[in-house]
Amino acid sequence: MHREKKDRFKFFSLVVTLLLLLALVGVRQAAFSQNATKSPCSDCHVCPWPTAKEPCLKSCTRPEKVQGPISAHPGPDVTILGQLADMYQLVRFNHKLHADMVGMEQGCTVCHHYATSGKYLSCRECHGKKPSNPENLRQPSLKAAYHRQCLSCHREWSHQTRCTLCHLPVPGKTAVTLDSTDIIRPSHPAITPPQTKIFNTPYELGPIVTFHHQEHIDRFGLSCANCHQKENCGNCHDIQKAVRPAKSMEEVHAVCNNCHRQDGCNKCHDTKEKPKFSHAATGWPLNTYHSKLDCRACHPTGKKIARLDSSCKNCHSGWNPGNFKHAVTGLKLDEIHSQLDCVNCHTERNYSQTPNCSDCHADGRSHIDSPPGERLKIK
Amino acid sequence: MGNINRRTFLKFSVIAATLGAAPSAKSQENFSGWPERYGMLTDTTLCIGLNCRKCEEACKKVNNLSRKNLNLSDNSVFEHKRRTDPENYTVVNRFPNPNKPETPYYVKKQCMHCDEPACASACLVKAFKKTPEGPVIYNKDVCIGCRYCMVACPFGIPSYDYFDAYTPQVRKCTMCYDRIQQGKIPACAEICPQEAITFGKRKDLIALARERIRSHPERYHPHIFGEEEAGGTSWLYLTGLDSVQLGFPNALAKTAYPELTRGFLSAVPLVLTIWPVLLVGLYKFSQSRQVKESPESTQNSVEESHAGSNGKPDN
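Residues numbered from 1 in each chain as written. Chains lettered and ligands numbered in written order. Predicted model: local features only at pLDDT ≥ 70, side-chain atom pairs only at ≥ 80, totals over all residues. Heavy atoms only, no water.

(A) Summary view of the overall build of chain A. Counting its secondary structure elements, chain A contains eleven helices and eight strands. Here chain A, with 379 residues, has 18% of them falling under the buried criterion. Considering only contacts in chain A between residues 6 or more positions apart, those separated by 24 or more positions represent 51%. Accessible surface for chain A amounts to roughly 28800 Å². Of this, 59% is attributable to carbon and sulfur atoms. (Helix = DSSP H or I, 4+ residues; strand = E, 2+ residues; numbered from the N terminus. Buried < 20%, exposed > 50% of the residue type's maximum accessible area, 1.4 Å probe, protein only. Contact = heavy atoms within 4.5 Å. Areas by Shrake-Rupley, 256 points an atom, 1.4 Å probe, with all protein chains shown as cover.)

(B) Structural view of the overall build of chain B. Scanning chain B from terminus to terminus reveals nine helices and ten strands. Considering chain B as a whole, with its 315 residues, one finds that 43% of them fall into the buried category. In chain B, of all internal contacts separated by at least 6 residues, the share reaching a separation of at least 24 is 60%. On chain B, roughly 16900 Å² of surface is accessible, and the fraction owed to carbon and sulfur atoms is 57%.

(C) Spatial organisation of the pattern of salt bridges. Per the stated rule, a full pass over the model turns up 16 salt bridges over all chains. One salt bridge connects E211(B) with R138(A), and the closest N-O pair in it is separated by 2.7 Å. Linking E211(B) in helix 7 (residues 202-215) with R138(A) in the loop between helix 3 (95-101) and helix 4 (142-158), this pair reaches from one chain into another. Between D115(B) and R37(B) there is a salt bridge; the shortest N-O distance is 2.7 Å. (Salt bridge = Lys/Arg side-chain N within 4 Å of Asp/Glu carboxyl O.)

(D) Summary view of the interface of chain A and chain B. Contact residues are listed per partner, giving 21 residues for chain A and 29 residues for chain B. By the criterion of area lost to chain B, the three top residues of chain A are L137(A), R148(A) and R155(A), representing 31% of everything that side buries. For the interface between chain A and chain B, the tally reads one salt bridge. Taken together, the connections running from chain A to chain B amount to eight residue pairs in polar contact (both at pLDDT 80 or more). (Buried area = accessible area lost by both parts, 1.4 Å probe. Polar contact = N/O pair within 3.5 Å; in protein donor to acceptor, adjacent residues only side chain to side chain.)

(E) How the structure looks around the pairing of strand 10 (residues 235-238) of chain B. All names here are of chain B. Every second residue of strand 10 is oriented toward a common face, with W235 and Y237 on one face and L236 and L238 on the other, all of them buried. Of the pairings in the sheet, the one linking strand 1 (residues 38-43) to strand 10 comprises four bridges and is parallel in character. Its bridge partner lying in strand 10, T42 is registered against Y237. (Pairing = 2+ DSSP bridges.)

(F) Structural view of the packing of aromatic side chains. Residues and elements named next belong to chain B. Scanning all chains against the criterion turns up seven aromatic pairs over all chains. Residues Y38 and F199 carry aromatic rings whose centres are separated by 4.9 Å and whose planes lie at 25° to one another, so their mutual orientation is stacked. Of this pair, Y38 sits in strand 1 while F199 sits in strand 8 (residues 197-201), and the two are 161 residues apart along the sequence. Accessibility expressed as a relative area gives 25% for Y38, which makes it partly exposed. By relative accessible area, which is 6% here, F199 ends up buried. Their ring planes at 35° and their centres at 4.3 Å tell us that F225 and F248 sit as a pair that is tilted. A residue pair is termed long-range when its members are at least 10 positions apart, and F225 in strand 9 (residues 224-225) and F248 in the loop between strand 10 and helix 8 (257-293) qualify at 23 residues. (Phe/Tyr/Trp six-rings, centres within 6.5 Å; stacked < 30°, edge-to-face > 60°.)

(G) Local environment of a nonpolar patch on the surface. A surface patch of nonpolar side chains, amounting to about 560 Å² of accessible area, comprises L270(B), V271(B), W275(B), L278(B), L279(B) and L282(B). Along the chain, L270(B) turns up in helix 8. (Patch = residues over 30% accessible without salt bridge, like charges linked within 9 Å, V, L, I, M, F, W, Y side chains within 5 Å.)

(H) Looking closely at the confidence of the model for chain B. All names here are of chain B. Residues of chain B with pLDDT of at least 70 account for 82%, and the chain-wide mean is 84. The low-confidence segment residues 16-27, where pLDDT is below 50, has three contacts with residues more than four positions distant or belonging to other chains. Under a pLDDT of 50 for its full length, residues 307-315 has, in the predicted model, eight contacts with residues more than four places off or in other chains. (pLDDT = per-residue confidence, 0-100.)

(I) Structural detail: the sheet that holds strand 9 of chain B. Residues and elements named next belong to chain B. A sheet is described by the order of its strands in space; here four strands give the open sequence 8-1-10-9, paired in mixed fashion. Each end of this open sheet is capped by a strand with a single partner; those strands are strand 8 and strand 9. Judged from the two bridges that link them, strand 9 and strand 10 form a sheet pairing that is antiparallel. Within the sheet, the bridge partner assigned to F225 lies in strand 10 and is Y237. Contacts from helix 7 reach strand 1, strand 8, strand 9 and strand 10 within the one sheet, and its direction differs from that of strand 8 by about 130°. (Axes fitted to C-alpha atoms, helices over the stretch in contact; angles between N-to-C directions.)

(J) Inspection of the sheet that holds strand 4 (residues 197-200) of chain A at higher detail. Residues and elements named next belong to chain A. Spatially, three strands are ordered 4-5-6 in an open sheet, and the strand pairing comes out antiparallel. The open sheet has two free edges, formed respectively by strand 4 and strand 6 (269-270), since each of these has just one partner strand. As paired strands, strand 4 and strand 5 (residues 208-211) are joined by four bridges and run antiparallel to one another. Residue F199 lies in a different strand from strand 5, and its bridge partner there is V209.

(K) Expanded view of the nonpolar core. All names here are of chain B. Core analysis: the biggest nonpolar cluster contains 39 residues, and M40, F155, I197 and W235 have the highest contact counts within it. Counting residues per element, the ones that place at least two in this core are helix 2 (54-62), strand 2 (91-95), strand 3 (105-109), helix 6 (187-191), strand 8 and strand 10. The element best represented in this core is strand 3, accounting for three residues. Setting aside anything within four residues of it in sequence, one finds M40 in contact with M175, P186, C188, A189, I197, T198, F199, L205, S234, W235 and L236. In this structure, I206, A209, Y220 and I224 belong to the second largest nonpolar core, which totals eleven residues. (Core = buried A, V, L, I, M, F, W, Y, C linked by side-chain atoms within 4.5 Å.)

(L) Local environment of the environment of P217(B). All names here are of chain B. Following the sequence through the fold, P217 ends up in the loop between helix 7 and strand 9. Exposure remark for P217: the relative accessible area of 56% places this residue in the exposed category. Spatially, the C-alpha atoms of P217 and G240 are 9.6 Å apart, while their sequence positions differ by 23 residues.

(M) How the structure looks around helix 5 (residues 213-220) of chain A. Buried within helix 5 of chain A are the following residues: H213(A), Q214(A), E215(A) and H216(A). Elements in contact with the buried residues of helix 5 of chain A: strand 5 and helix 8 (249-260) of chain A.

(N) Focus on the environment of K68(B). Residue and element names in this part refer to chain B. Looking at where K68 falls in the secondary structure, it is placed in the loop between helix 2 and strand 2. Judged by its relative accessible area of 69%, K68 falls in the exposed class. With 19 residues separating them in the primary sequence, K68 and E87 have C-alpha atoms 9.6 Å apart.

(O) Looking closely at the side chain of T198(B). Inspection of the secondary structure assignment puts T198(B) in strand 8. Not counting the four nearest positions on each side in its chain, T198(B) is found in contact with S132(A), L137(A), G39(B), M40(B), L41(B), L205(B), L208(B) and R212(B).

(P) Region of interest: the confidence of the model for chain A. All names here are of chain A. When pLDDT is averaged along chain A, the result is 74; 73% of the residues meet or exceed 70. Here strand 1 (residues 78-81) stands out as the element of chain A with the lowest mean pLDDT, 56, in contrast to strand 5, whose mean of 92 is the highest. Low pLDDT, under 50, characterises residues 27-39; the predicted model gives this stretch one contact beyond four residues in sequence or across chains. Low pLDDT (under 50) marks residues 62-73, which in the prediction has 23 contacts with non-local residues, meaning those over four places away or in another chain.

(Q) Structural detail: unusual backbone geometry. All names here are of chain B. The backbone phi angle of N64 is positive, close to 55°, even though this residue is not glycine. Looking at the secondary structure, you find N64 in the loop between helix 2 and strand 2. Although it is not a glycine, H113 sits at a positive phi angle of roughly 50°. Mapped onto the elements, H113 comes out in the loop between strand 3 and helix 3 (118-122).

Written out as structure tokens, the structure is:
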């Protein structure tokens, strides 16, 4: 009886141990398989064993936007958008023209919204053919992606949604004929910046604002996108510009205020047109070398432009008469003249003015006929 | 006396039966719609309207409606507000955009496929049915042509086809119920070149709409029209303006319209079953007192009164 009980106990303990072992293995297995399916690798890689050489990266599930370069050069000139064309012919999309223009807005990412640091993906690499795809409702189909992308701008400025804005009609299938006045042309004429723009404003004390456009480009080294931000074709081509709501006071002044916030109204507003800025009017006409410089090369950055100490040493701190080579001015002094002090010829220290030979030489010679050295070509 | 006891038992059993039925009505009240039902999301900021109206064309095609008066390049239709009619289950109307006059809003109008449709509630013969898939469908075979549905609809959608004298019927969008059953998506959602209309599970569409509002707050009015209006509709709208400025009905109730009459209507069966029994019971009670006073007439009066009240043999 006792022995039988012991046997039964042995049997039970064996069964229990086996069961426990099985359970343990099962749990481990479950944990492992769960780990395998939820592996973060599969979020980005398509193959199970990616290597540095072949990372097999997924192309479309990149939730983060990456700001790409603005230059259009790596892209194709023309792409064909026509995987879905039926009623209308393919769209010949002038990629280069668009890429050139988006420099005024936000660059390539205006369209290539999943731009990566590498080669930009074409639209069809992510967008499929199925509308209302239940697996990804937020992603429009390729057809809708094209239409949304193009129409978001073209509709706004041409106020037209005709299919033939982009599509060529299919003869026999499409009833409409192509309108030759359509805005899409093979190339855009070169844009020349205006010299000066005169604005008539409602400001009573100074209704005229003279904006020297070219001067701003030359003097301050500005590029178009420095001032023209968030511009699109509509800003020039909008046929219904008049119906646009009037800009607020702040909006009108916003561009100028980027730099001129500290200046008063009279900086721009006047009762008559303002002349271009002339450095000579400040009492120092700029010579050949100084006129090539940006304002900020002499006037300190971050400060209001003010009158400077006009002595040479103020900027050319290492300069002294001993190490000055007169040849940089285009005149290599001969032996006699190079012995003289500067002020012997440049009386009153006015170095921008050519000295008068008759101050020393009574024979009435001029520096044109008999220069005090060898004339060089200035680069 | 034994008779009266039996009557009391009957009375209580009827009351118990009606009370027993009440919890089932209660549970229906808590039903918040079929969880997997489909819906449509119209993003009015994407619709281009002008020169398009492809949804109207596709709708006519799949529903075999007359395309005689359809001229897609005629943009003068936007000059006045149109409504749905027997030939047009859906129409696109134009509304001015005060913030950007050059891009007005275009709003597609069709049946909203309410979660608890007022038309179905008003219908005497159950010609309207809310399907588990989402669409509210109409059965012309049982329709008696009372047009209560047209009065009941808070969106003014159902229209009546008068033109066929023998088979007049109510016409409205079906949300392409037969196409959904075939695994296709509604025709308007399929044709839309901008995919301004998205078809999907209603709960997914609400999530999608919320995401769009969150990521483009400058583009959208922060409200999903149809999420709660009229107790929730299968057709949802994202708008750039307040819905009233886009021609949607003003001051829509957040509760379902059938809810407004449910209290009253659910009391009707109770009144019909309890009151006669109760009143007869009271009458009998008062009679029985008279019987005590004159015992010889008891048997006759009980039989008479019972036969008069419900016509059943008293046994």
